[in-house]
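Report on the structure
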Amino acid sequence: MHSQGIAMNRVGTDQITDAQSVAARADRAVETCALTKSYRNPWTLKVGRGIENLDLTVGRGEVLGYLGPNGSGKTTTLKLLTGLHKPTSGSAWLFGVPVHDPASRRSLGFLPEQPYFYDYLNGLEYLEFAGQLSGLGGHEATVRGREWLGRVGLGDRERTMLRKYSKGMLQRLGLAAALIHDPELLILDEPMSGLDPFGRRDVRELILEQRARGTTVLFSSHILPDVEVLCDRVAIVLDGRLRRVATVGELVSDSAQRVEIRCTGRPVLEIPPGLAPVLERRDQPHETVFVVNDDTRLREAIAWLIGQQVELRAVTPQRATLEELFLATASGIETPAPIRAGRVA
Amino acid sequence: MIATLIARNTFREASRDRLMVGLMVAGITAMIVTQIASPLALGEGTRITVDLGLTVISVLGLLAVLMVGTSLVAKEIERRTIFNLLSRPIARPHYLIGKWAGLTASLWAVSGGLAIGLWGVLALRGAGDRAPAMFQAVYLAGLEISVVVAIAVLCSALSTPVLSSLYTLGFYLVGQASGDLRAFAGQFPEPLATIVRGAASVAPNLPLFNMRSLAAAGDTTSLVHLGIATGYAFLYVTCVLALASAAFESRDFK
């Protein structure tokens, strides 16, 4: 009787734990646990790696940039999350619903890389179709289709067949199709690729607008300045493995700080041996730039320059760009131990 | 609901395809040519009109399946338009059912249009009384097309458009000869006999849907035959689409 009571208590505790984990999972927009995808060549039986043991969490309302070189597993991850690929092992959930369940995609808007469309439809017909597939009623899909065509700058093209759309127009239509049903999660695979500066600006503004209304955005990109502007956090994936997840600020503050001191003219100076390891001189046509590689020695460097009667024009801190950090991670110069992605909003 | 949406879009795709319009024009032209040549038929003009008209409907249906149906799913995978569909809350079986239903409906519409044209020709020839038999034959041809479209969807979900066309044509030919193959199977040594019998059993029993000769003579078939053919087509299509869904479920889209 006693052991039966313990067993029942255990069952009860397990149920509570399960219920709590389901509730916690539902509070996250994206969660993956040891998600792995490998491809087996049917002829050579060689196993190619797509993504390996991916543990990633994206909180509600967060914008996460997913970075990595070509072939690193970015698109594979996004396809696993959107149900276009089946995982070899591991699990993934969108808002707590396993990705193998079509219901997980109810609140999802997805823009694939280089989207292709039915060229026998016109812009409005396509958006109506996309909206209805995501659960909108016929009339609502038409109204929202017109609204979104206007918002992405295609309002005067609603009856134009898609075969006559340019690449940039198709990309904007793809974004409209991803957003027509007001999704809570937006997954974008290289949304800026192939766009001119105006198109990139429009997409950037759309993403910022979605962030402001609380939509979770997960997007892969090669255009790092855009990632820097848009993202709360950045995940870097290399060779199918997640190498780093951090905020842009964390990534940048981790790097060594440099300071540039700009001086008028080209003074004849010899850097003293004590400062030589941290001070570098770059002569330019109308000025001289001294770069202090260790900001703790900045005061000392400035004092020496003033002592030499040099006319200082500007002292500017230089932060490493995301691009530099990304390249450093990719080349293994600065590759911290893999981090289990963490923040949950 | 989702399957209906996909079916409606597939119907729209097929109806805007120039190939379908071309097939419709080819069918009407063939019927006109039949009328020009009918004086050579030595009093059998009406019989030949019905026979050739029904043959045109069946052959054009098969051509449409081979040219449109076999690339139905494969083309979407190749052109990656499927990404925009399956990343929405759509179960893969619903997608396949929608594709099958859409193309089947458009081919029924083409067959129906040609049947009305044939009926008009018969009325002009003063042979309007053959209409019931002719419409029964068109109904059975429609069932045959539904079965072949299901096979095309299965092949298309698993292979390239060219291979799908070859596989579907193979199934069609074996299906047309399924009765003969079963009869001949006994003549072959084992294990060939078992293989031939197996192929004849797996392929659809397409002669069940052929009553062209009967209709050409103005004879109708029994309601029992129509009922059995309908039930058989329904079961066969269900099994083939279930098989296609099972195979499609685990597929990755690159």
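Here, the structure is the one placed above.
For every chain, the first residue of the written sequence is number 1, and numbering continues from 1 onward in sequence order. All chains are assigned letters beginning with A, and all ligands numbers beginning with 1, in the order in which they are written. Only residues with pLDDT of 70 or above have their local features reported here, since the model is predicted, and side-chain atom pairs are shown and tallied only from 80 upward, although totals for entire chains, interfaces and linings are computed over all residues.

Considering the overall build of chain A
Numbering goes from the N terminus for both helices and strands, where a helix is a DSSP run of H or I of at least four residues and a strand is a run of E of at least two. The number of helices and strands found in chain A is 10 helices and 14 strands. Counting all 345 residues of chain A, 38% fall into the buried class. Within chain A, contacts between residues separated by at least 24 positions form 70% of all contacts whose residues are at least 6 apart in sequence. In this scheme every C-beta is placed from the backbone, and a residue whose C-beta has 20 or more other C-beta atoms within 10 Å is buried, one with 12 or fewer is exposed, and one in between is partly exposed. Any residue pair is listed as a contact if its two C-beta atoms, each placed from the backbone, are within 7 Å.

What about the sheet that holds strand β1 (residues 28-40) of chain A?
Residue and element names in this part refer to chain A. Spatially, the four strands line up as an open sheet ordered β2-β1-β4-β5, and their pairing is antiparallel. In this open sheet, the two strands that pair with only one neighbour each are β2 (47-59) and β5 (97-98). One bridge is not enough; two strands pair if DSSP finds at least two bridges between them. Taken together, the two bridges between strand β4 (residues 89-94) and β5 define a ladder with antiparallel strand orientation. Across the sheet, the residue bridging to Trp93 is Pro98, located in β5.

Considerations on the pairing of strand β8 (residues 216-220) of chain A
Residue and element names in this part refer to chain A. Counted residue by residue, β8 has five buried out of five residues, so it is predominantly covered. What you see with β8 is no split at all: Thr216, Leu218 and Ser220 on one side and Val217 and Phe219 on the other are buried throughout. As paired elements, strand β3 (residues 63-67) and β8 share four bridges and run parallel to each other. Across the sheet, residue Val63 finds its bridge partner in β8, namely Val217. Relative to β8, strand β7 (residues 185-189) runs parallel, the two being bridged by five bridges. Within β8, the residue paired with Leu186 across the bridge is Val217. Following the backbone out of β7, through helix α6 (residues 197-212) and into the adjacent parallel β8, one traces a crossover that is right-handed. Crossover handedness is defined by viewing with both strands directed away from the observer: a clockwise path from the first strand over the helix to the second marks the crossover as right-handed.

Section: the interface of chain B and chain A
On the chain A side, the residues contacting the 20 residues of chain B number 24 residues. Sorting the residues of the side of chain B that touches chain A by element identifies α1 (2-15) and α5 (82-86) of chain B as the ones contributing at least two each.

Some remarks on helix α2 (residues 18-37) of chain B
Residues and elements named next belong to chain B. Across its 20 residues, α2 extends 28 Å between first and last C-alpha, which sits within 8% of the 28 Å expected from 1.5 Å per residue. Those residues of α2 not exposed but buried are Met20, Leu23, Gly27 and Thr34. Mapping the buried residues of α2 onto a view down its axis gives an arc of 55 degrees, with all of them on the same face. Seen from the open side of α2, the exposed residues pointing more than 90 degrees away from its buried face are Arg18, Val21, Val25, Thr29, Ile32, Val33 and Ile36. Buried positions along α2 lie against α1, α3 (45-67) and α6 (92-124). By this rule, a helix spans an expected 1.5 Å times one less than how many residues it contains. For this quantity, the arc is that covered by the directions from the helix axis to the C-beta atoms.

Quick word on unusual backbone geometry
Working note: non-glycine residues mostly have negative phi, and peptide bonds are mostly trans. Residue Glu190 of chain B is joined to Pro191 of chain B through a cis peptide bond whose omega torsion reads 5 degrees. If you check the backbone angles, Ala34 of chain A has positive phi at about 50 degrees while not being a glycine. For Ala34 of chain A, the location among the structural elements is in strand β1. A positive phi angle is found at Arg80 of chain B, which is not glycine, with a value near 65 degrees. Position of Arg80 of chain B relative to the elements: it lies in the loop between α4 (74-78) and α5.

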